[in-house]
Every structure is written in C-alpha cells, then in structure tokens.
Amino acid sequence: MTYVSCFYHAFAGAEQAETAANRICKVLAVNQENERLMEEYERLASELLEWIRRTIPWLENRTPEKTMQAMQKKLEDFRDYRRKHKPPKVQEKCQLEINFNTLQTKLRISNRPAFMPSEGKMVSDIAGAWQRLEQAEKGYEEWLLNEIRRLERLEHLAEKFRQKASTHEQWAYGKEQILLQKDYESASLTEVRAMLRKHEAFESDLAAHQDRVEQIAAIAQELNELDYHDAASVNDRCQKICDQWDSLGTLTQKRREALERTEKLLETIDQLHLEFAKRAAPFNNWMEGAMEDLQDMFIVHSIEEIQSLISAHDQFKATLPEADGERQAILSIQNEVEKVIQSYSMRISASNPYSTVTVEEIRTKWEKVKQLVPQRDQSLQEELARQHANERLRRQFAAQANVIGPWIQTKMEEIARSSIEMTGPLEDQMNQLKQYEQNIINYKHNIDKLEGDHQLIQEALVFDNKHTNYTMEHIRVGWELLLTTIARTINEVETQILTRDAKGITQEQMNDFRASFNHFDRRKNGLMDHDDFRACLISMGYDLGEAEFARIMSLVDPNGQGTVTFQSFIDFMTRETADTDTAEQVIASFRILASDKPYILADELRRELPPEQAQYCIKRMPQYTGPGSVPGALDYTSFSSALYGESDL
C-alpha cells in the first residue's frame, strides 16, 4: 500500500509538470503566430502603399502626346495596368484586410491587446490611399479617351490634308513645264489643233481642281485652329500649293494665245499638204501595184498564155509617160511647201501629216519601176522561148504516142481474134503466135524512145498535151497488157498441145472442140458464161438437172469466176469422151507382171520395165505387209491408187 501511494504521488507530479509545459508551449505558439501575422501585415501594407504612391503620379500625369500612336501606347499601357498590374494589388488589399481582421480576432480570443499598425498603415489609411488611386485612375482614363478623340480628329484632318495635297501635287507635277513648252513652234497644223483641243481639256481640268485647292486651304486653317502640332509644315505646304495654282493660271492663258497664233500660220501649209496627200496616195498605190505585177511570178502552160502576158505588158509600158507627168506634178507640190516654210522661217518639218508617202519614196519607187520594166521584158521573152520548146516536145511525143497507141490496140485485137479464129494444127498456131511475140518484142525500141521523150516532158514540167489522148501511163499499161496477153495465149496453146498428146486427141477433134466453143461464145471474148456452157451441153445431148450441172461447173470453173475457158472446156470434153486408164486397170497390169501375187519384187520390175521406170517404181512403192509377205515385197496396189489420188500414200 505504501508503494502504491508513493507511485501515485510521483505520477501525479509528473502529469502536472507535463500539463504546465504544454500550456506554456501553446501560449508561446499563439504569441509567435500573432507576431508573424503582425509582421506580415506590416510588410504587405508597406508594399501596397508604396505601389499606390508610385502609381498615383503616373495616373495624374496629363501631359498629352503629339501623335495618335503615342496616345494609343499610353492607352495600351493603362489597359495593361487594368488587366495585369491592378488585379493582383486588389487581391493583396483584400488579403491584407482579411489578415488584419483575423489577427484582431485571434488577439481578442487569446486575451491579447488589439493590434495597432504603424502610423499610416491602418486599414483606413490603406482604404484612403486606394480611394485616391481609384479617383486618379478614373480621371486618367477619361483624359486618355478625350485626348485620343482629339488626336483622332487632328490625324483625320491631317491625313485628309495630306491626301488632298498629294493628289493635287501629283496632278500638278510637271504641268508648269508642259505649259512652258514651245512644242507648237515645230508642230504641224494637225498637231497644233490637237494641242488646242488638249489645252481646252486641260483648262477644264484646271477649273475642276479649283474646289480641291479651296478644300486644302480650308483644312489647313482648321488644323491651325485646333492647334495641330505640325501646323508649320501644313501652312508651308498649303502656301506652295496656292502659289503654284496662281502660276498655272497665268501660264495657261499665255499658252492658249501662242497656240491660236501658230494655228493661223499653219493653215496655208495644211492646204498644200492635203493636195499632196490626195494625189500622192493613188500614185503610190499605182507604183506599188506596178512593181507587184512586174515582179509577179507567172506560171503558163501554153504559147497563147505567154503571148497574152506580153500583150498586157506592152499596154502597161504605153501608160508610163502619163505616169511620169503625174509624178512631176506631185513633187512640185512638196517643193512649194518647203518654199513657204523657208520664207517664213518656220521651225516645222516639211513632212506631210496626211500621208505616209514621202518624196524620197516616190523617187525610189519610180526608179524601181523603170528598172523592172526591161527585166519583165526579158523574163517574158525567155518564157515564150521555153513554151515554144515545150510545144515541140508535146508534138514530138504526140506524134509517136498516136502511132504506138493504135498499134498496141491493133495487136491486142489480132491476138484476141487469133485465139478464137485460128484453125489448123496447134503447132502452126504456136508458130504463128511466136511470130506475133517476136514482132512485139522487136517493137520495144519505139516504146523506149517514147519513154525518153516523156522524161524530157516531165523535166520541162509539162503536164498536158492537147495533141494526143494518150499518156505515157496508158502506153505502159497497154504495152504490159499486150505482153501478158501474147504470153498467156501462147501458154494456152502449149497447154492444148500437152492435153492433146496426153489424151490422144486428134487435130480434127481439136478443131471440132474449137468450133463448138466459138459457136457458143456469144461475146467472142474467148470465154463462155454459165448460160452459154449450159446451152452447149444441151446441144451435145446432155440431160442436165441442177445438181448435175452444178457438179460439171465445179469441174470447169473451180474458182467460181462465172466463166469457162477453152482449156477447161477441152479438159471436160476429153474427160467425158476419151478412153482413160484407171487405177484398177494399172493394178491388174501389175498383177500380171507379179504372176497373180498380191505383191511384186524389185527383180520382177527390173525384168519387165525399162530401167528408169523400174527404178521409179522401186523408189516409190511401199513395203508389202499383207499375208504371204516375203523380204523385199513391194505393195503395187497402194502405189497404183496413189497415182490416181485414191490413196494417202
């Protein structure tokens, strides 16, 4: 019990000491916080009052700037103050009041005396300073706006003055120099009259600019009344404009008088210029036309055409004396103009304002015409000689072509008749055609000579020939056709001879075939059409249906040309009437040689046939592979069928 009591008293004493220490710490902490708040208030109040002290003089400065840009800069600075600088200070002022109230509350709660800020830093002092700041700020903004409006008005008037003054100065620039010019002293009447019209337009323009000059003077006066900062330069510029305006009026009147005086002096000269222009222009056109005609390249194709040109040239030469008289009259007018200018010592050019034709041009062109006349004579005579030469070439070519053309035609007709009318042995017909062919070949030198003449005509660029209807192309085509026809006719006779010999046709049969063919050849052109051929077959006793006739036509006209030649007719007639070997007959003949065997040996062929024909059969006969085959056996059956196109061998 004694120990418990001792422990209790010891613990109670320690608790009291701890409580006392805590109380002291709390009091000290409150006191330290209050002191910190007091110091913070003093610092913030000092900074805020210092800022207000610096700002109020800036806001109370009412010294105006001279330019709109400078005032705009001040307004922009004020707006930056409102947007950037003042809002943080408002927050500081508000925070200062809050801190002050908070501090007083804490002091009152902790039984401390109220806080008394340093002199001049009371909340009321700060509020008063802030009120003075607000008042200065309000007056400053109003002054800025009024000053900007005033400068805006001045700037507007100054800009208007500058624009009008610049416009007037640009318009007036060089006008005095123009009015002082004496260009009329060397001008023509047309130019002086143009100057007068132009001067009248300038006078109208001058009168129209009177209002602008008056407006410039009025604006300058208003700028002076509004105390514009650069009024001195405005007044100086305005005075220069007014002085220049008076000078322009004086110079304008003097120039009008000088122009009217010069106009009267030039009227006499103008009449002479006008007469020169009226006569020089048509004469110049005549000379230009004459030069064009004299230099014109002519293309003629006959003697008559060149003679017509020579006649026209002779008529032109007959007009030259009259043209020379007109030339001299025109030149005398220009001489009179120069005499007037020299007599009155006028500083003007003698050039004609109504005409681009000059005296020198007339002289030059006239000399050119006189040079071209003999040149034209020479070229016309040369062309006449060339046309005579061309005419000789035409006649020379025509003389030969008019002989060769009919000769070729005659030969063609003779060959055509001979192919139809020739009778007798085919060998005689062949000889006769060969003679025709030789005669045609011997005539070739005439064609060659005509080709040479044609080349000369082409080189001379002669493209027509009224002396003949034959051209070289006609002759060439006819000659080639003649050679082709005689060669084809000879070939037909050769083919007939081969057919006759191969099929054993007598000459009498050939003559009969020719007579029948010619009888039914209604057009006598060596060809029968289908109707002619049908009539021929009917006359020979054929009973023709459409199918049978179509079969026959496929034989005689395999290409479907619609005609039947004499050779096709012979082939058909010999096929229908001749005793022709067949594949079966040839096979039977080989069977006899082979002693009735289905094959034949090479030795048997060499024994029974001539060596050449035996070797031919051995080389071409296939090996026999049928029943009873022996080495070296040859298949004569397949060989025989192949001879007549009845096998694939």
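Bear in mind the structure is a predicted one, so any value in this text is a computation, not a measurement.

1. Topic: the overall build of the chain
Thought 1: If you tally the helices and strands in the chain, you get 21 helices and two strands.
Thought 2: For the chain, the residues scored as buried account for 37% of the 649 residues in total.
Thought 3: A sequence separation of at least 24 residues applies to 79% of the contacts in the chain between residues at least 6 apart.
Thought 4: For the chain, the accessible area works out to roughly 39200 Å², and carbon and sulfur atoms hold 52% of it.
Thought 5: Computing the positive centroid from 80 side-chain charges and the negative centroid from 107, the chain places the two 10 Å apart.

2. As for the packing of aromatic side chains
Thought 1: For the structure shown, the criterion picks out 13 aromatic pairs.
Thought 2: When the ring of Phe 283 is compared with that of Trp 286, the centres are 5.8 Å apart and the planes differ by 20°; the resulting orientation is stacked. Here Phe 283 and its partner Trp 286 are both found in helix H7 (residues 231-295), three residues apart, which amounts to about one turn of the helix.
Thought 3: Residue classification places Trp 286 among the partly exposed residues on the basis of a relative accessible area of 27%.
Thought 4: Lying over the aromatic face of Trp 171, Lys 175 brings its terminal NZ or CZ to 5.0 Å of the ring centre.

3. Focus: the UniProt feature "coiled-coil region" (unreviewed entry) in the chain
Thought 1: Under the feature "coiled-coil region" (unreviewed entry), the UniProt entry names residues 27-54 and 426-453.
Thought 2: The distance separating the terminal C-alpha atoms of residues 426-453 is 41 Å; by composition the span is 96% helix and 0% strand.

4. Describing the packing of helix H18 (residues 583-593) against helix H21 (residues 636-643)
The angle between the axes and the distance between the axes are what describe a pair of packed helices.
Thought 1: Here H18 crosses H21 at 150°, and the two axes come no closer than 9 Å. If you check the angle between H18 and H21, you find them roughly antiparallel. The interaxial crossing formed by H18 with H21 has right-handed handedness. Between H18, through Ala 583, Val 586, Ile 587, Phe 590 and Arg 591, and H21, the contact on the second element is made entirely by Tyr 636, Thr 637, Phe 639, Ser 640 and Ser 641.
Thought 2: Here the residues of the contact of H18 with H21 sort into six nonpolar, three polar and one charged.

5. Here's the deal with the pattern of salt bridges
Thought 1: This model, assessed by the stated rule, comprises 30 salt bridges.
Thought 2: Arg 54 is paired through a salt bridge with Glu 50; the nearest N and O atoms lie 3.8 Å apart. Taken together, the residues span about one helical turn, with Arg 54 and Glu 50 both in helix H1 (residues 2-60) at a distance of four residues.
Thought 3: On the accessibility criterion, Glu 50 (30% relative accessible area) is partly exposed.
Thought 4: Here Asp 314 makes a salt bridge to Lys 317, at a shortest N to O gap of 3.6 Å. Pair noted here: Asp 314 and Lys 317 are both in helix H8 (residues 303-318), with a separation of three residues, about one helical turn.
Thought 5: The partly exposed category is assigned to Asp 314, whose relative accessible area is 40%.
Thought 6: The exposure class assigned to Lys 317 is partly exposed, which follows from its relative accessible area of 29%.

6. Describing the side chain of Gln 400
Thought 1: With respect to the secondary-structure elements, Gln 400 resides in helix H10 (residues 359-421).
Thought 2: Those residues in contact with Gln 400, other than ones at most four positions away along the chain, are Asn 446, Lys 449, Leu 450 and Asp 453.

7. Digging into the layout of surface pockets
Thought 1: By volume, the second largest pocket is sized at about 270 Å³.
Thought 2: Lining the second largest pocket are 16 residues, and of these His 454, Ile 457, Val 462, Phe 463 and Thr 471 lie nearest its centre.
Thought 3: At the level of elements, H10, helix H12 (444-459) and helix H13 (472-503) are the ones that each hand at least two residues to the lining of the second largest pocket.
Thought 4: A breakdown of the residues in the lining of the second largest pocket according to their chemical character gives six nonpolar, six polar and four charged.

8. Some points on empty space enclosed by the protein
Thought 1: A full pass over the atoms with the stated rule returns one cavity of 30 Å³ or more.
Thought 2: Put simply, the largest cavity is a space of about 60 Å³.
Thought 3: For the lining of the largest cavity, the secondary structure elements donating two or more residues are helix H5 (189-208) and H7.
Thought 4: Classifying every residue of the lining of the largest cavity gives five nonpolar, five polar and one charged.

9. Considerations on the side chain of Asn 390
Thought 1: With respect to the element layout, Asn 390 can be found in helix H10.
Thought 2: For Asn 390, a relative accessible area of 5% puts it in the buried group.
Thought 3: Beyond its immediate chain neighbours, meaning those up to four positions away, Asn 390 contacts Ala 460 and Val 462.

10. Let's talk about the nonpolar core
Thought 1: Membership of the largest hydrophobic core comes to 52 residues, with the highest contact counts inside it found for Ile 52, Leu 133, Phe 161 and Leu 223.
Thought 2: Going through the elements one at a time, H1, helix H2 (68-109), helix H3 (123-172), H5, helix H6 (210-225) and H7 are the ones with two or more residues in this core.
Thought 3: The biggest single contributor to this core is H3, with 17 residues.
Thought 4: If you look at the next biggest cluster of nonpolar residues, it comprises 27 residues, including Trp 407, Ile 440, Ile 490 and Ile 497.

Parameters and conventions
Here the residue numbering is sequential within each chain, running from 1 through the sequence in written order. Local features are withheld for residues below a pLDDT of 70 in this predicted model, meaning they are given only at 70 or higher, and side-chain atom pairs are given and counted only at 80 or more; totals for whole chains, interfaces and linings count all residues. Side-chain numbers come from the whole structure's heavy atoms, not from hydrogens or water. Only DSSP runs of H or I with at least four residues qualify as helices, and only runs of E with at least two residues qualify as strands; both kinds are numbered from the N terminus onward. Relative accessibility decides the category of a residue: with a 1.4 Å probe and only protein chains considered, values under 20% of the type maximum give buried, values over 50% give exposed, and everything between is partly exposed. It only takes one pair of heavy atoms within 4.5 Å for two residues to be counted as in contact. Here the open area of atoms and residues is found with the Shrake-Rupley method and a 1.4 Å probe, where only the protein chains shown may cover a residue. Think of it this way: Lys and Arg go in the positive column, Asp and Glu in the negative one, and His and the chain ends go nowhere. To locate a charge, take atom NZ for lysine, CZ for arginine, CG for aspartate or CD for glutamate. Between rings of Phe, Tyr and Trp, where Trp is taken as its six-membered ring, a pair exists when centres lie within 6.5 Å; planes separated by under 30 degrees are stacked, by over 60 edge-to-face, and by other angles tilted. Charge over a ring is defined by NZ of Lys or CZ of Arg lying within 6 Å of the ring centre and within 35 degrees of the ring normal. UniProt positions are given in the numbering used here, feature names are shortened, and annotations may be inferred rather than shown by experiment. Axis definition: a line fitted to C-alpha atoms, limited for helices to the stretch in contact. Angles are taken between N-to-C directions and run from 0 to 180 degrees. When describing relative orientation, an angle under 35 degrees is termed roughly parallel and one over 145 degrees roughly antiparallel, while 65 to 115 degrees is termed roughly perpendicular and anything else oblique. The handedness criterion is simple: a crossing whose near helix is rotated anticlockwise from the far helix by less than a right angle is left-handed, and one whose near helix is rotated clockwise is right-handed. Ten residues, namely Ala, Val, Leu, Ile, Met, Phe, Trp, Tyr, Cys and Pro, are considered nonpolar, four, namely Asp, Glu, Lys and Arg, are considered charged, and the remaining ones, Gly among them, are considered polar. We define a salt bridge as a contact between a side-chain nitrogen of Lys or Arg and a carboxyl oxygen of Asp or Glu at a distance within 4 Å. In this analysis a 1.4 Å probe is tested at points of a 1 Å grid over the protein atoms alone, and where it fits but cannot get out there is a cavity; an open set with protein on both sides within 12 Å along at least five of seven lines is a pocket; lining residues have an atom within 4 Å of a point. Grid points are joined across faces, edges and corners, and a volume is the space filled by probe spheres set on the points. Only buried Ala, Val, Leu, Ile, Met, Phe, Trp, Tyr and Cys residues count toward a nonpolar core, and they belong to the same one when joined by side-chain atoms within 4.5 Å.

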